[in-house]
Amino acid sequence: MKRALIVGAGGMGRTWGRNLASHPETEIAGWCDVSLPSLEAACAEIGVTPEIGTDFPALLDQVRPDFVVDVTPPEIHHDVVNLALRAGVPVLGEKPMAHSMEAARAMVAASEESGKLYMVSQSRRYNAELVAFCDLVRQIGDIGILNADFYLGPHFGGFRDEMPSPLVLDMAIHTFDAARKIAGQDFVSVEAREWNPGWSWMKGDSSAEARFTMANGGVFHYRGSWVAHGCMTSWESEWRAHGSLGGARWDGFSGLSGEVVEGSEGFFYPTRALEPQIPPQFRGGIEGSLDEFLWALETGGTPQGECHDNIKSLAMVFAVIQSAAERREVSLDEV
Ligand SMILES: NC(=O)c1ccc[n+]([C@@H]2O[C@H](COP(=O)([O-])OP(=O)(O)OC[C@H]3O[C@@H](n4cnc5c(N)ncnc54)[C@H](O)[C@@H]3O)[C@@H](O)[C@H]2O)c1
(Lines give C-alpha, C1' and ligand atoms only; values in the text may rest on other atoms or scores of the structure.)
Protein backbone atom coordinates (compact mmCIF):
# COMPACT_ATOMS: atom_id res chain seq x y z
CA MET A 1 0.00 0.00 0.00
CA LYS A 2 1.49 3.38 -1.03
CA ARG A 3 0.80 6.37 1.23
CA ALA A 4 -0.13 9.64 -0.50
CA LEU A 5 -0.13 13.22 0.75
CA ILE A 6 -2.54 15.42 -1.23
CA VAL A 7 -1.93 19.19 -1.42
CA GLY A 8 -5.09 21.10 -2.37
CA ALA A 9 -8.65 20.25 -1.33
CA GLY A 10 -10.57 22.26 -3.96
CA GLY A 11 -12.70 20.84 -6.79
CA MET A 12 -9.97 18.76 -8.40
CA GLY A 13 -8.30 17.92 -5.06
CA ARG A 14 -11.51 16.15 -4.00
CA THR A 15 -11.63 14.27 -7.32
CA TRP A 16 -8.06 13.12 -6.58
CA GLY A 17 -9.14 12.22 -3.02
CA ARG A 18 -11.83 9.89 -4.39
CA ASN A 19 -9.35 8.41 -6.90
CA LEU A 20 -6.71 7.68 -4.24
CA ALA A 21 -9.25 6.42 -1.68
CA SER A 22 -10.77 3.94 -4.14
CA HIS A 23 -7.48 2.61 -5.55
CA PRO A 24 -6.57 -0.79 -4.03
CA GLU A 25 -2.86 0.12 -3.78
CA THR A 26 -3.05 3.65 -2.34
CA GLU A 27 -4.26 5.37 0.82
CA ILE A 28 -4.54 9.05 1.76
CA ALA A 29 -2.06 9.42 4.63
CA GLY A 30 -2.06 13.24 4.69
CA TRP A 31 -4.01 16.14 3.18
CA CYS A 32 -2.95 19.80 3.16
CA ASP A 33 -4.81 22.98 2.21
CA VAL A 34 -4.39 26.60 3.30
CA SER A 35 -8.12 26.53 4.10
CA LEU A 36 -8.92 24.26 7.07
CA PRO A 37 -12.71 24.36 6.40
CA SER A 38 -12.11 23.13 2.80
CA LEU A 39 -9.90 20.37 4.13
CA GLU A 40 -12.40 19.20 6.75
CA ALA A 41 -15.25 19.31 4.24
CA ALA A 42 -13.20 17.30 1.71
CA CYS A 43 -12.32 14.60 4.29
CA ALA A 44 -15.95 14.34 5.44
CA GLU A 45 -17.22 14.19 1.85
CA ILE A 46 -14.86 11.35 0.94
CA GLY A 47 -15.00 9.58 4.30
CA VAL A 48 -11.28 9.59 5.10
CA THR A 49 -9.36 10.58 8.26
CA PRO A 50 -5.77 11.40 7.19
CA GLU A 51 -3.36 13.69 9.03
CA ILE A 52 -4.40 17.20 7.97
CA GLY A 53 -2.75 20.60 8.15
CA THR A 54 -2.35 24.02 6.54
CA ASP A 55 1.49 24.02 6.65
CA PHE A 56 2.82 21.80 3.84
CA PRO A 57 6.49 21.57 4.95
CA ALA A 58 5.43 20.57 8.47
CA LEU A 59 2.88 18.01 7.25
CA LEU A 60 5.37 16.52 4.76
CA ASP A 61 7.82 16.05 7.62
CA GLN A 62 5.17 14.55 9.87
CA VAL A 63 3.53 12.17 7.34
CA ARG A 64 6.63 11.09 5.34
CA PRO A 65 4.48 9.86 2.42
CA ASP A 66 5.54 7.61 -0.47
CA PHE A 67 4.39 10.33 -2.89
CA VAL A 68 2.76 13.76 -3.05
CA VAL A 69 -0.22 14.65 -5.26
CA ASP A 70 -0.16 18.38 -6.04
CA VAL A 71 -3.63 19.77 -6.82
CA THR A 72 -3.05 23.43 -5.98
CA PRO A 73 -3.58 26.36 -8.42
CA PRO A 74 -0.85 26.66 -11.12
CA GLU A 75 1.18 29.44 -9.44
CA ILE A 76 1.61 27.27 -6.31
CA HIS A 77 2.90 24.16 -8.18
CA HIS A 78 6.54 25.29 -8.22
CA ASP A 79 6.84 25.61 -4.43
CA VAL A 80 4.96 22.39 -3.59
CA VAL A 81 6.78 20.25 -6.16
CA ASN A 82 10.26 21.63 -5.39
CA LEU A 83 9.84 21.13 -1.67
CA ALA A 84 8.58 17.55 -2.03
CA LEU A 85 11.25 16.49 -4.55
CA ARG A 86 14.05 18.04 -2.51
CA ALA A 87 12.73 16.13 0.53
CA GLY A 88 13.17 12.95 -1.56
CA VAL A 89 9.45 12.41 -2.28
CA PRO A 90 8.18 11.71 -5.86
CA VAL A 91 5.34 13.92 -7.12
CA LEU A 92 2.30 13.38 -9.30
CA GLY A 93 1.14 16.93 -10.05
CA GLU A 94 -1.79 18.50 -11.81
CA LYS A 95 -1.37 20.36 -15.10
CA PRO A 96 -0.19 22.91 -16.10
CA MET A 97 3.28 22.15 -14.73
CA ALA A 98 3.86 25.79 -13.76
CA HIS A 99 2.82 29.40 -14.30
CA SER A 100 6.13 30.22 -16.09
CA MET A 101 8.86 28.42 -18.02
CA GLU A 102 11.41 29.61 -15.47
CA ALA A 103 9.47 27.90 -12.67
CA ALA A 104 9.03 24.75 -14.79
CA ARG A 105 12.76 24.53 -15.55
CA ALA A 106 13.50 24.80 -11.81
CA MET A 107 11.07 21.91 -11.18
CA VAL A 108 12.76 19.74 -13.83
CA ALA A 109 16.13 20.58 -12.22
CA ALA A 110 14.76 19.57 -8.79
CA SER A 111 13.69 16.21 -10.24
CA GLU A 112 17.14 15.69 -11.78
CA GLU A 113 19.05 16.74 -8.67
CA SER A 114 16.93 14.66 -6.29
CA GLY A 115 16.67 11.69 -8.67
CA LYS A 116 12.92 11.57 -7.89
CA LEU A 117 10.08 11.21 -10.38
CA TYR A 118 7.97 14.26 -11.18
CA MET A 119 5.05 13.35 -13.44
CA VAL A 120 2.42 15.83 -14.61
CA SER A 121 -1.02 14.26 -14.77
CA GLN A 122 -2.26 15.12 -18.27
CA SER A 123 -5.48 13.23 -17.65
CA ARG A 124 -6.84 13.73 -21.15
CA ARG A 125 -4.09 11.49 -22.54
CA TYR A 126 -5.95 8.62 -20.82
CA ASN A 127 -8.91 8.63 -23.18
CA ALA A 128 -9.71 5.44 -25.10
CA GLU A 129 -10.95 7.34 -28.18
CA LEU A 130 -7.81 9.51 -28.22
CA VAL A 131 -5.68 6.35 -28.17
CA ALA A 132 -7.77 4.96 -31.07
CA PHE A 133 -7.39 8.27 -32.98
CA CYS A 134 -3.59 8.15 -32.50
CA ASP A 135 -3.68 4.64 -33.94
CA LEU A 136 -5.62 5.89 -37.02
CA VAL A 137 -3.16 8.79 -37.45
CA ARG A 138 -0.20 6.37 -37.36
CA GLN A 139 -1.75 4.71 -40.45
CA ILE A 140 -2.14 7.85 -42.60
CA GLY A 141 1.56 8.33 -43.31
CA ASP A 142 3.67 11.46 -42.96
CA ILE A 143 1.37 14.02 -41.36
CA GLY A 144 0.86 17.28 -43.31
CA ILE A 145 -1.92 19.00 -41.37
CA LEU A 146 -3.55 18.50 -37.97
CA ASN A 147 -6.48 20.66 -36.81
CA ALA A 148 -8.12 21.00 -33.39
CA ASP A 149 -11.26 23.06 -32.65
CA PHE A 150 -12.34 23.71 -29.06
CA TYR A 151 -15.55 25.57 -28.14
CA LEU A 152 -16.95 25.45 -24.59
CA GLY A 153 -18.51 28.03 -22.25
CA PRO A 154 -17.97 26.91 -18.63
CA HIS A 155 -18.62 29.29 -15.71
CA PHE A 156 -15.99 28.16 -13.18
CA GLY A 157 -15.53 31.28 -11.08
CA GLY A 158 -12.31 31.18 -9.00
CA PHE A 159 -8.74 31.51 -10.28
CA ARG A 160 -9.57 30.90 -13.95
CA ASP A 161 -11.75 34.03 -14.14
CA GLU A 162 -8.84 36.17 -12.89
CA MET A 163 -5.76 34.75 -14.69
CA PRO A 164 -4.30 36.43 -17.82
CA SER A 165 -4.55 33.52 -20.34
CA PRO A 166 -7.14 31.12 -18.91
CA LEU A 167 -7.87 29.25 -22.15
CA VAL A 168 -4.27 28.76 -23.23
CA LEU A 169 -2.65 28.10 -19.84
CA ASP A 170 -5.37 26.19 -18.03
CA MET A 171 -7.11 24.33 -20.88
CA ALA A 172 -5.21 24.42 -24.20
CA ILE A 173 -2.28 22.78 -22.39
CA HIS A 174 -4.40 19.58 -22.66
CA THR A 175 -5.05 20.09 -26.38
CA PHE A 176 -1.40 20.98 -27.16
CA ASP A 177 -0.22 17.98 -25.16
CA ALA A 178 -2.70 15.77 -27.04
CA ALA A 179 -1.44 17.23 -30.35
CA ARG A 180 2.10 16.11 -29.47
CA LYS A 181 0.80 12.63 -28.70
CA ILE A 182 -1.31 12.49 -31.88
CA ALA A 183 1.37 13.89 -34.21
CA GLY A 184 4.09 11.77 -32.58
CA GLN A 185 6.63 14.52 -33.04
CA ASP A 186 7.81 17.81 -31.59
CA PHE A 187 6.69 21.28 -32.63
CA VAL A 188 9.24 23.97 -33.54
CA SER A 189 7.49 27.36 -33.81
CA VAL A 190 4.13 29.13 -33.59
CA GLU A 191 2.24 32.20 -34.79
CA ALA A 192 -0.69 32.94 -32.50
CA ARG A 193 -3.30 35.41 -31.34
CA GLU A 194 -5.20 35.65 -28.05
CA TRP A 195 -8.21 37.88 -27.43
CA ASN A 196 -11.20 38.39 -25.15
CA PRO A 197 -14.65 39.26 -26.57
CA GLY A 198 -16.27 42.29 -24.88
CA TRP A 199 -19.03 40.10 -23.40
CA SER A 200 -16.62 37.54 -21.92
CA TRP A 201 -17.04 36.71 -18.20
CA MET A 202 -13.32 36.02 -17.86
CA LYS A 203 -10.82 38.83 -17.19
CA GLY A 204 -8.00 37.30 -19.25
CA ASP A 205 -7.97 36.22 -22.88
CA SER A 206 -10.59 33.50 -23.27
CA SER A 207 -10.08 32.88 -27.00
CA ALA A 208 -7.05 31.96 -29.11
CA GLU A 209 -5.86 30.72 -32.47
CA ALA A 210 -2.43 29.28 -33.19
CA ARG A 211 -0.54 27.87 -36.18
CA PHE A 212 2.30 25.59 -35.08
CA THR A 213 4.98 24.25 -37.42
CA MET A 214 5.92 20.63 -36.71
CA ALA A 215 9.40 19.11 -36.89
CA ASN A 216 8.54 17.51 -40.30
CA GLY A 217 7.29 20.83 -41.74
CA GLY A 218 3.60 19.95 -41.25
CA VAL A 219 1.21 22.37 -39.55
CA PHE A 220 -1.00 22.08 -36.45
CA HIS A 221 -3.89 24.57 -36.25
CA TYR A 222 -5.61 25.30 -32.95
CA ARG A 223 -8.78 27.40 -32.64
CA GLY A 224 -10.46 27.79 -29.28
CA SER A 225 -13.02 29.72 -27.25
CA TRP A 226 -13.77 29.23 -23.56
CA VAL A 227 -16.76 31.57 -23.75
CA ALA A 228 -18.69 29.67 -26.43
CA HIS A 229 -22.43 29.37 -25.83
CA GLY A 230 -24.13 26.46 -27.56
CA CYS A 231 -22.88 24.22 -30.39
CA MET A 232 -20.11 23.14 -28.01
CA THR A 233 -17.38 20.63 -28.75
CA SER A 234 -16.25 18.03 -26.23
CA TRP A 235 -13.48 18.82 -23.72
CA GLU A 236 -11.16 16.83 -26.00
CA SER A 237 -11.69 19.17 -29.04
CA GLU A 238 -12.72 18.18 -32.56
CA TRP A 239 -9.83 16.82 -34.65
CA ARG A 240 -8.86 16.20 -38.27
CA ALA A 241 -5.53 15.00 -39.67
CA HIS A 242 -4.26 14.44 -43.21
CA GLY A 243 -1.07 12.62 -44.15
CA SER A 244 0.72 11.19 -47.19
CA LEU A 245 -1.52 8.09 -47.22
CA GLY A 246 -4.92 9.30 -45.99
CA GLY A 247 -6.97 11.20 -43.44
CA ALA A 248 -8.50 10.67 -39.99
CA ARG A 249 -11.18 12.44 -37.94
CA TRP A 250 -12.34 12.42 -34.33
CA ASP A 251 -15.27 14.52 -33.14
CA GLY A 252 -13.97 14.39 -29.56
CA PHE A 253 -16.77 12.05 -28.51
CA SER A 254 -17.15 8.55 -29.95
CA GLY A 255 -17.11 9.52 -33.64
CA LEU A 256 -13.89 8.24 -35.20
CA SER A 257 -13.11 7.56 -38.85
CA GLY A 258 -10.17 7.19 -41.15
CA GLU A 259 -9.44 6.44 -44.80
CA VAL A 260 -6.24 5.48 -46.63
CA VAL A 261 -5.60 5.52 -50.36
CA GLU A 262 -5.68 2.23 -52.18
CA GLY A 263 -4.44 2.59 -55.73
CA SER A 264 -3.12 5.55 -57.69
CA GLU A 265 -5.63 6.12 -60.49
CA GLY A 266 -8.38 8.63 -61.15
CA PHE A 267 -9.07 12.24 -60.16
CA PHE A 268 -9.53 11.23 -56.49
CA TYR A 269 -7.60 8.06 -55.69
CA PRO A 270 -9.72 5.19 -54.36
CA THR A 271 -9.69 4.78 -50.57
CA ARG A 272 -10.29 2.10 -47.97
CA ALA A 273 -11.97 2.82 -44.62
CA LEU A 274 -9.88 2.22 -41.50
CA GLU A 275 -11.40 0.39 -38.54
CA PRO A 276 -10.99 2.38 -35.26
CA GLN A 277 -9.63 0.14 -32.48
CA ILE A 278 -10.91 1.17 -29.03
CA PRO A 279 -8.63 -0.35 -26.35
CA PRO A 280 -10.62 -2.75 -24.11
CA GLN A 281 -10.89 -2.28 -20.30
CA PHE A 282 -9.27 1.14 -20.46
CA ARG A 283 -8.96 3.20 -17.24
CA GLY A 284 -9.43 6.80 -18.32
CA GLY A 285 -8.71 10.26 -16.87
CA ILE A 286 -6.90 10.58 -13.55
CA GLU A 287 -7.47 6.87 -12.82
CA GLY A 288 -5.28 6.12 -15.83
CA SER A 289 -2.63 8.64 -14.81
CA LEU A 290 -2.52 7.26 -11.23
CA ASP A 291 -2.07 3.72 -12.62
CA GLU A 292 0.78 4.89 -14.85
CA PHE A 293 2.46 6.81 -11.99
CA LEU A 294 2.29 3.73 -9.70
CA TRP A 295 3.68 1.58 -12.53
CA ALA A 296 6.60 4.03 -12.92
CA LEU A 297 7.32 4.02 -9.16
CA GLU A 298 7.30 0.22 -9.18
CA THR A 299 9.37 -0.38 -12.32
CA GLY A 300 11.47 2.78 -12.71
CA GLY A 301 9.88 3.17 -16.17
CA THR A 302 9.21 6.58 -17.75
CA PRO A 303 5.52 7.52 -17.68
CA GLN A 304 3.70 9.87 -20.04
CA GLY A 305 3.77 13.33 -18.47
CA GLU A 306 7.27 12.83 -17.02
CA CYS A 307 8.51 16.39 -16.50
CA HIS A 308 11.26 16.34 -19.19
CA ASP A 309 8.63 15.50 -21.80
CA ASN A 310 5.74 17.49 -20.34
CA ILE A 311 7.73 20.74 -20.34
CA LYS A 312 7.57 20.56 -24.16
CA SER A 313 3.76 20.90 -23.96
CA LEU A 314 4.14 23.81 -21.54
CA ALA A 315 6.59 25.45 -23.96
CA MET A 316 3.81 25.40 -26.60
CA VAL A 317 1.61 27.35 -24.17
CA PHE A 318 4.20 30.03 -23.42
CA ALA A 319 5.23 30.32 -27.07
CA VAL A 320 1.57 31.04 -27.94
CA ILE A 321 1.37 33.69 -25.21
CA GLN A 322 4.64 35.32 -26.38
CA SER A 323 3.68 35.17 -30.06
CA ALA A 324 0.31 36.79 -29.33
CA ALA A 325 1.93 39.53 -27.21
CA GLU A 326 4.72 40.30 -29.69
CA ARG A 327 2.68 39.67 -32.86
CA ARG A 328 5.39 37.53 -34.46
CA GLU A 329 6.34 33.89 -35.04
CA VAL A 330 8.07 32.49 -31.95
CA SER A 331 10.40 29.49 -31.89
CA LEU A 332 9.73 27.05 -29.07
CA ASP A 333 13.46 27.25 -28.22
CA GLU A 334 12.98 30.94 -27.30
CA VAL A 335 10.64 30.43 -24.35
N1 LIG B 1 -6.98 17.44 -15.31
C2 LIG B 1 -8.10 18.10 -15.26
O3 LIG B 1 -9.02 17.79 -15.99
C4 LIG B 1 -8.26 19.23 -14.29
C5 LIG B 1 -9.53 19.71 -13.96
C6 LIG B 1 -9.64 20.73 -13.04
C7 LIG B 1 -8.50 21.29 -12.45
N8 LIG B 1 -7.26 20.81 -12.81
C9 LIG B 1 -6.04 21.41 -12.22
O10 LIG B 1 -6.01 21.13 -10.82
C11 LIG B 1 -5.41 22.22 -10.13
C12 LIG B 1 -6.38 22.71 -9.04
O13 LIG B 1 -7.57 23.14 -9.67
P14 LIG B 1 -8.97 23.24 -8.84
O15 LIG B 1 -10.02 23.41 -9.87
O16 LIG B 1 -9.07 22.13 -7.87
O17 LIG B 1 -8.73 24.62 -8.06
P18 LIG B 1 -9.48 25.12 -6.74
O19 LIG B 1 -9.28 26.58 -6.68
O20 LIG B 1 -10.87 24.54 -6.67
O21 LIG B 1 -8.65 24.40 -5.56
C22 LIG B 1 -7.34 24.72 -5.23
C23 LIG B 1 -7.12 24.45 -3.75
O24 LIG B 1 -5.75 24.68 -3.44
C25 LIG B 1 -5.69 25.34 -2.18
N26 LIG B 1 -4.42 26.05 -2.06
C27 LIG B 1 -4.05 27.24 -2.62
N28 LIG B 1 -2.79 27.55 -2.26
C29 LIG B 1 -2.35 26.53 -1.48
C30 LIG B 1 -1.12 26.28 -0.84
N31 LIG B 1 -0.09 27.14 -0.90
N32 LIG B 1 -0.99 25.14 -0.10
C33 LIG B 1 -2.03 24.27 0.00
N34 LIG B 1 -3.24 24.47 -0.63
C35 LIG B 1 -3.37 25.57 -1.36
C36 LIG B 1 -6.90 26.26 -2.18
O37 LIG B 1 -7.27 26.66 -0.86
C38 LIG B 1 -7.96 25.39 -2.85
O39 LIG B 1 -8.69 24.62 -1.90
C40 LIG B 1 -5.05 23.27 -11.19
O41 LIG B 1 -3.71 23.13 -11.59
C42 LIG B 1 -5.99 22.92 -12.34
O43 LIG B 1 -5.50 23.33 -13.61
C44 LIG B 1 -7.15 19.78 -13.69
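Everything quoted here is computed from the prediction, not taken from an experiment.

Q: How do you make sense of the packing of aromatic side chains when you look at a structure like this?
A: Aromatic rings considered in pairs are described by the distance between their centres and by the relative angle of their planes. Tallied over the entire structure, the rule returns 13 aromatic pairs. Measuring from ring centre to ring centre gives 5.6 Å for Phe 212 and Phe 220, while their planes differ by 20 degrees; the resulting arrangement is stacked. Above the face of the Phe 156 ring, Arg 160 is positioned so that its terminal group lies 4.3 Å from the ring centre. Stacked on the ring of Trp 195, the Lys or Arg Arg 193 has its end atom at 5.1 Å from the ring centre.

Q: I would appreciate a short explanation of the site of the ligand in the present structure.
A: Around the ligand there are 24 residues in total, and Met 12, Asp 33, Lys 95, Ser 123 and Asp 170 lie nearest to it. Within the side chain of His 77, one N or O atom sits 3.2 Å away from an oxygen atom of the ligand. Interatomic distance of 2.8 Å between a backbone N/O atom of Lys 95 and an oxygen atom of the ligand. The protein chains hide 79% of the 860 Å² of surface that the ligand would expose on its own. Of all the cavities here, the one that holds the ligand is the largest pocket. At the level of elements, helix H1 (11-22), helix H4 (74-86) and helix H7 (166-183) are the ones that each hand at least two residues to the shell around the ligand. Each residue belonging to the shell around the ligand can be placed in one class, and the counts come to 10 nonpolar, eight polar and six charged. Shared between two domains, the shell around the ligand holds at least three residues of each, these being domain 1 (2-116) and domain 2 (126-281 + 315-334).

Q: What am I meant to see in the nonpolar core here?
A: One broad rule of soluble globular proteins: the nonpolar side chains tend to lie buried together. Grouped together as the largest cluster of nonpolar side chains are 79 residues, with contacts concentrated most on Val 68, Met 97, Leu 146, Phe 176, Phe 220, Tyr 222 and Trp 239. Top contributing element to this core by residue count: H7, with 11 residues. Dropping the residues within four chain positions of it, Tyr 222 is found in contact with Ala 148, Phe 150, Leu 167, Ala 172, Thr 175, Phe 176, Ala 208, Glu 209 and Ala 210.

Q: What's the story with the pattern of salt bridges in this structure? I'm lost.
A: Working definition: two side chains of opposite charge can pair if their charged atoms are close together. One pass over the full model with this rule turns up 19 salt bridges. The salt bridge involving Glu 191 is made with Arg 211; its shortest N-O contact spans 2.5 Å. Residue Glu 191 is located in strand S8 (residues 187-195), and its partner Arg 211 is located in strand S9 (residues 207-214); the two are separated by 20 residues in the primary sequence. By relative accessible area, which is 33% here, Glu 191 ends up partly exposed. For Glu 334, the salt bridge is made with Arg 328, and the minimal N-O distance between the two is 2.7 Å. Judged by its relative accessible area of 39%, Glu 334 is partly exposed.

Q: Looking at this structure, how should I read the sheet that holds strand S1 (residues 2-7)?
A: Spatially, S3-S2-S1-S4-S5-S6 is the arrangement adopted by the six strands of the open sheet, whose pairing is parallel. Each end of this open sheet is capped by a strand with a single partner; those strands are strand S3 (51-53) and strand S6 (118-121). Each strand of the sheet is rotated relative to its neighbour by a mean of 25 degrees, with strand direction disregarded. Pairing geometry for S1 and strand S4 (residues 67-70), over four bridges, is parallel. When the sheet's bridge partners are listed, Ala 4 is paired in S4 with Phe 67. The sheet contacts of H4 involve S1, S4, strand S5 (91-94) and S6, and relative to S4 the element is tilted by about 180 degrees.

The rules behind the values
For every chain, the first residue of the written sequence is number 1, and numbering continues from 1 onward in sequence order. Confidence filtering applies because this is a predicted model: local features only for residues at pLDDT of at least 70, side-chain atom pairs given and counted only at 80 or more, and all residues used for totals across whole chains, interfaces and linings. To obtain the side-chain values, all non-hydrogen atoms of the structure were used and water was disregarded. Aromatic rings from Phe, Tyr and Trp, with only the six-membered ring used for Trp, were paired whenever their centres fell within 6.5 Å, and each pair was classed as stacked if the ring planes differed by under 30 degrees, edge-to-face if by over 60, and tilted otherwise. For a lysine, the NZ atom is tested; for an arginine, the CZ atom; a charge sits over a ring if that atom is within 6 Å of the ring centre and within 35 degrees of the ring normal. When at least one non-hydrogen atom of a residue lies within 4 Å of a molecule or strand, that residue is treated as near it. Whenever two N or O atoms come within 3.5 Å, that pair is a polar contact, provided that in protein one can donate a hydrogen and the other can accept it, and provided that, for residues adjacent in sequence, both atoms are side-chain atoms. Each accessible area is a Shrake-Rupley result for a 1.4 Å probe, and residues are judged covered by the shown protein chains and nothing else. Grid points spaced at 1 Å and placed over the protein atoms alone form the basis of the search, with a cavity being a set where a 1.4 Å probe fits but cannot get out and a pocket an open set showing protein on both sides within 12 Å along at least five of seven lines. Lining residues have an atom within 4 Å of a point. Whether a molecule sits in a cavity or pocket is decided by its atoms, more than half of which must lie within 2 Å of the grid points. We count a stretch as a helix when DSSP gives it H or I for four or more residues in a row; a strand needs E for two or more, and each element gets its number in order from the N terminus. Amino acids are sorted into nonpolar (Ala, Val, Leu, Ile, Met, Phe, Trp, Tyr, Cys and Pro), charged (Asp, Glu, Lys and Arg) and polar (every other residue, Gly among them). For the domains described, the bounds stem from an automatic or database domain assignment. What makes a nonpolar core is a set of buried Ala, Val, Leu, Ile, Met, Phe, Trp, Tyr and Cys residues whose side-chain atoms join them at distances within 4.5 Å. Exposure classes here rest on a 1.4 Å probe applied to the protein chains alone. A residue is buried below 20% of its type maximum, exposed above 50%, and partly exposed in between. A contact between two residues is defined here by any heavy atoms of the two lying within 4.5 Å. Salt bridges are defined as contacts in which a side-chain nitrogen from Lys or Arg sits within 4 Å of a carboxyl oxygen from Asp or Glu. At least two DSSP bridges between two strands are needed for those strands to be called paired. Note on geometry: axes are C-alpha line fits, over the in-contact stretch for helices, and angles between N-to-C directions span 0 to 180 degrees.

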